[in-house]
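# Summary of structural features
Residues per chain are reported as follows:
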Amino acid sequence: MIDVQHLSKTFGKLEVLRDISTSVSRGEVVAIIGPSGSGKSTFLRCLNLLETPTEGQIIIDGTDITDPKNDITRIRQRVGMVFQHFHLFPHMTVMNNITFAPMKVKGLSAEEARTKGLQLLERVGLQDKADVYPSKLSGGQKQRVAIARSLAMDPEILLFDEPTSALDPEMVKEVLAVIRDLASTGMTMLIVTHEMKFAREAANTIYFLDGGKLIERADPEQFFRQPQSERAARFLEQVL
Amino acid sequence: MSKMLKWTLTALVGILVLTGGFTNVHALSLFGSGSDQAGSGDLFAGLLGETSQEAATDNAEKKTIVMGTSPDYAPYESVDAKGGGEIIGMDIDIANHIADKLGYELKISSMDFNGLLAALQTKRVDFVMSAMSVTEERKQSIDFSDSYYAARNTIVSSEEDNFTSLDQLKGKRIGVQLGSTQEKVTQELKDASVKKLNRIPDMIQEIRAGRLDAAIIEDAIALEYTTSNPELKFNMIPASSGDEGYAIAFPKGSALTNDFNRVLEEMKNDGTLQAITDKWFGNENEEENKRGSGVIDFGVLEGYASYLLRGVFITLLFTFVSALFGFVWGAILSLFKISSIKPLQWFATVYTSVFRGTPLLLQLILFYYATPQLTGYDITALQAAGLAFGLNSAAYLSETIRGGILAVDKGQREAAMALGIPYGTMMVSIIFPQAIKTILPALVNECVALVKESSLISVIGVADLMRRANVVQADTGRALEPLLFIGAIYYILVLVLTSLARLLERRMRRSD
């Protein structure tokens with residue numbers, strides 16, 4: 001479904017990603033882990049072109065998204081993203097946060113969008129919050145709304161950029177539960193995370209990045225029991 | 001907060017309709033209805049029609065002819081502020097008679113006296129009748145008809161000074177109207193300090209305030225003002241040799257000059273001219289002006305209040321249009337400034353620098369006088385004012401809005417981009433509403449400034465509050481009362497505006 005070939009990204013002289021090649025199949029859940037500054041987030045952001053790759057190709061379902069001839073907004077509609085700091089639209093109610101893009105971009109009627117919005121809110125357990133403003137929500141609730149907002153566009157792929165890093169510990173669980181639930185529905189997902197337990201349980205594949213390189217790409221059980229590289233072993237030692 | 005969104009969009013649509021409709025006659029007649037022009041008030045439509053006048057001369061039966069005048073010079077020309085706000089006076093009667101004889105329909109365009117020559121040279125008007133004397137200097141740039149009236153000059157001074165001859169004015173402070181023939185009289189004065197003012201009423205006020213000792217004013221006008229200001233007196237001075245009297249002025253080489261001379265000659269012969277003169281200078285001169293007593297007497301405004309208050313509409317309409325135009329254009333400029341396309345950035349930067357670096361009054365006057373000359377489009381005063389103020393305001397607002405946009409969390413853009421929302425929709429619905437919330441106080445300041453600065457547009461003859469106060473000042477000969485009155489109105493307008501802004505701000509804070 002996603003085919004990444006020789007992806008590199010530099011900011012000025014700084015090489016953030018170096019020659020990453022990999023592929024993700026439909027329904028696969030990938031947890032991307034690694035020390036901070038290893039390029040995890042940048043890798044994820046390349047996949048919906050929030051960062052423009054310096055070199056290499058990213059092919060999603062046969063479409064090369066790095067080809068400037070392709071419409072970026074079109075591609076982004078197929079690839080949802082959930083951010084560390086939620087980035088809900090503060091001037092819109094929860095419901096409007098969710099329905100805005102489907103109505104404006106996909107042309108859904110207000111009624112259709114609202115029906116769908118209610119379904120999604122139910123799915124993330126927040127149906128009673130439809131008409132409040134984001135400022136009234138807790139961090140965990142905000143993140144669940146953000147997930148619902150992404151899902152409203154019916155993306156084929158969902159990217160999570162450290163979805164629980166900005167949350168108080170007691171709220172991490174509720175968000176992870178939602179993501180786990182999504183994984184069970186067969187959504188293709190790439191998740192940058194520091195939650196090792198979660199990565200181990202929810203992911204099909206672990207990507208270990210360090211220094212902008214994809215060092216290891218492994219089955220979770222195998223990775224956590226016996227990492228192949230020495231760097232991964234050292235990293236696991238520090239975080240576990 | 002979809003209400004906010006709707007509000008923004010409505011505002012955007014509104015500006016489009018308004019600016020788009022700016023040139024159409026509906027909007028113009030709306031504007032025209034509040035102007036202090038003669039006739040049914042559709043001067044703007046008249047001016048608009050005048051652009052096509054040259055083409056129309058051959059075929060149209062009743063051609064329109066536009067006369068420029070400065071209606072603060074009763075009994076020659078003044079605004080009938082107590083009546084319908086029309087321009088009346090001896091010059092108007094004569095002009096109407098001539099236009100009628102020649103088969104023209106007369107439209108009157110009012111402006112400051114010292115703007116009349118420019119209006120003639122730019123062919124903004126076909127002729128000027130404004131108690132204008134023939135002088136050698138003026139003959140260089142415009143043509144004159146034969147003279148239709150010869151006035152004499154007087155010295156107006158306070159009752160106790162009561163100057164009777166020019167010799168007494170040695171070392172005194174003398175006022176004279178800028179661009180008038182009386183200027184010549186003051187040139188002959190030795191040792192006097194001469195202050196040139198735009199309008200007669202200003203000079204009267206300066207004498208009353210003790211900042212001038214005397215003013216050189218012609219007889220009929222002096223009579224008018226000393227009647228309404230009993231503490232002032234006037235004395236005739238002998239006519240100077242080169243005095244050729246008042247005449248009608250035309251652009252150089254105008255074909256109208258001969259026609260007008262012919263009709264004037266007829267009027268002199270058949271007594272019509274004398275009849276009109278008698279009507280305006282006769283002693284049965286209509287209702288006597290209310291005499292003010294004391295320093296400030298608001299009683300003099302009796303009958304003028306509704307005329308003054310109608311200026312509120314013009315001032316508000318103008319403020320609304322220029323604020324909206326300035327906001328939308330300012331928003332576009334701010335997008336240029338943050339865009340990655342270099343030429344757009346440069347354009348916006350140079351634009352802001354030029355409009356902030358030159359006086360607004362200068363821009364206003366340039367737009368009004370230069371537009372017809374450079375583009376051939378006969379821009380109306382209100383259009384020129386809206387354009388100048390909108391463009392100027394946009395320069396300031398673009399900086400404010402740019403700051404507001406940059407203050408919106410970068411994550412908002414990324415979230416919108418990640419949802420596949422196109423740039424325009426993102427800006428209008430996601431970024432601007434948040435930016436506006438932070439810059440609302442600055443926007444309100446700009447609107448308040450616009451309300452007050454709108455008083456500048458009176459200079460090019462738009463009948464806003466300030467212009468109307470000037471008219472009433474000319475009519476009553478009293479300066480302070482109408483000025484204090486409109487000062488209070490301006491203050492109330494600003495108070496209402498800021499209260500509305502506070503309400504709006506509270507609504508926008510709902511999402512916090």
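Residues numbered from 1 in each chain as written. Chains lettered and ligands numbered in written order. Predicted model: local features only at pLDDT ≥ 70, side-chain atom pairs only at ≥ 80, totals over all residues. Heavy atoms only, no water.

### Remarks on a nonpolar patch on the surface
Taken together, the side chains of I296(B), F298(B), L480(B) and L484(B) present a nonpolar region at the surface, about 330 Å² in accessible area. Judged by its relative accessible area of 33%, L480(B) falls in the partly exposed class. (Patch = residues over 30% accessible without salt bridge, like charges linked within 9 Å, V, L, I, M, F, W, Y side chains within 5 Å. Areas by Shrake-Rupley, 256 points an atom, 1.4 Å probe, with all protein chains shown as cover. Salt bridge = Lys/Arg side-chain N within 4 Å of Asp/Glu carboxyl O. Buried < 20%, exposed > 50% of the residue type's maximum accessible area, 1.4 Å probe, protein only.)

### A closer look at the environment of I60(A)
Residue and element names in this part refer to chain A. Within the secondary structure, I60 is located in strand β4 (residues 55-60). Along the chain, I60 and V4 lie 56 residues apart, while their C-alpha atoms are 8.6 Å from each other. Contact partners of I60, with chain neighbours within four places excluded, come to M1, I2, L47, I65, R78, V79 and I157. (Helix = DSSP H or I, 4+ residues; strand = E, 2+ residues; numbered from the N terminus. Contact = heavy atoms within 4.5 Å.)

### Some details on a negative patch on the surface
Residues and elements named next belong to chain B. Taken together, D146, E265, E266 and D270 make up a surface patch of like negative charges. When residues of the negative patch are assigned to their parent elements, the largest contribution, three residues, is made by helix α11 (residues 256-270). Among the structural elements, D270 can be located in helix α11. (Lys, Arg positive; Asp, Glu negative; His and termini not counted. Charge placed at Lys NZ, Arg CZ, Asp CG, Glu CD.)

### Let's talk about the nonpolar core
Counting 123 residues, the largest nonpolar core has I2(A), F43(A), L190(A), Y76(B), I94(B), F127(B) and Y148(B) as the members making the most contacts within it. In terms of residue count, helix α18 (residues 423-453) of chain B provides more of this core than any other element does, 13 residues in total. Not counting chain neighbours up to four residues away, the residues in contact with L190(A) comprise I2(A), V24(A), V30(A), I32(A), F43(A), L44(A), L47(A), I157(A), L158(A), L159(A) and F160(A). Grouped together as the second largest cluster of nonpolar side chains are 48 residues, V94(A), I98(A), L167(A) and M171(A) included. (Core = buried A, V, L, I, M, F, W, Y, C linked by side-chain atoms within 4.5 Å.)

### Observations concerning helix α15 (residues 360-375) of chain B
Residues and elements named next belong to chain B. Helix length check: α15 (16 residues) gives 21 Å between terminal C-alpha atoms against 22 Å at 1.5 Å per residue, within 8%. A bend of about 35° at Y369 is the largest found in α15, and the proline P372 appears one to four places after it. Among the residues of α15, those classed as buried are L360, Q363, L364, F367, Y368, Y369, T371 and P372. (Expected span 1.5 Å × (residues − 1). Bend = angle between axes of the 7 residues up to and from the residue.)

### Focus: the sheet that holds strand β8 (residues 188-192) of chain A
Picture the strands of a sheet paired through backbone hydrogen bonds; they go either parallel or antiparallel. All names here are of chain A. An order of β6-β7-β8-β3-β9-β10 is seen for the six strands of this open sheet, with the pairing classed as mixed. Looking along the sheet, the strands with just one partner apiece sit at the ends: β6 (79-82) and β10 (213-218). Geometrically, the sheet is characterised by an average inter-axis angle of 20° between neighbouring strands, direction not taken into account. Bridging between strand β7 (residues 157-161) and β8 involves five bridges; their strand directions are parallel. (Pairing = 2+ DSSP bridges. Axes fitted to C-alpha atoms, helices over the stretch in contact; angles between N-to-C directions.)

### Digging into the UniProt feature "transmembrane region" (unreviewed entry) in chain B
Residues and elements named next belong to chain B. Sites flagged by UniProt as "transmembrane region" (unreviewed entry) map to residues 312-336, 348-370, 376-397, 417-436 and 483-504. As annotated, residues 348-370 has a helix share of 91% and a strand share of 0%, and its two end C-alpha atoms lie 23 Å apart. The straight-line gap between the two end C-alpha atoms of residues 417-436 is 20 Å; of that span, 80% is helix and 0% is strand. (UniProt positions renumbered as here; feature names shortened; annotations may be inferred.)

### Observations regarding the interface of chain B and chain A
Interface size, as often reported, equals the accessible area lost upon joining of the parts. Contacts between chain B and chain A engage 22 residues on the former and 27 residues on the latter. Interface of chain B and chain A: buried area, both sides summed, is about 2,100 Å²; carbon and sulfur atoms make up 63% of it. Where chain B meets chain A, there are one salt bridge. One salt bridge connects R45(A) with E414(B), and the closest N-O pair in it is separated by 2.6 Å. Our count for the contact surface shared by chain B and chain A stands at four residue pairs in polar contact (both at pLDDT 80 or more). Per-element accounting of the side of chain B that touches chain A gives the leading share, seven residues, to helix α17 (residues 410-418) of chain B. (Buried area = accessible area lost by both parts, 1.4 Å probe. Polar contact = N/O pair within 3.5 Å; in protein donor to acceptor, adjacent residues only side chain to side chain.)

### A few points about the packing of α11(B) against helix α12 (residues 272-281) of chain B
Residues and elements named next belong to chain B. In contact at an axis separation of 4 Å, α11 and α12 are set at 75° when each is read in the N-to-C sense. When the interaxial angle is binned, α11 and α12 end up roughly perpendicular. Contact residues: α11 offers M267, K268 and D270, while α12 offers T272, L273 and I276. Residues that form the contact of α11 with α12 fall into these classes: three nonpolar, one polar and two charged. (Parallel < 35°, antiparallel > 145°, perpendicular 65-115°, else oblique. Nonpolar A, V, L, I, M, F, W, Y, C, P; charged D, E, K, R; others polar.)

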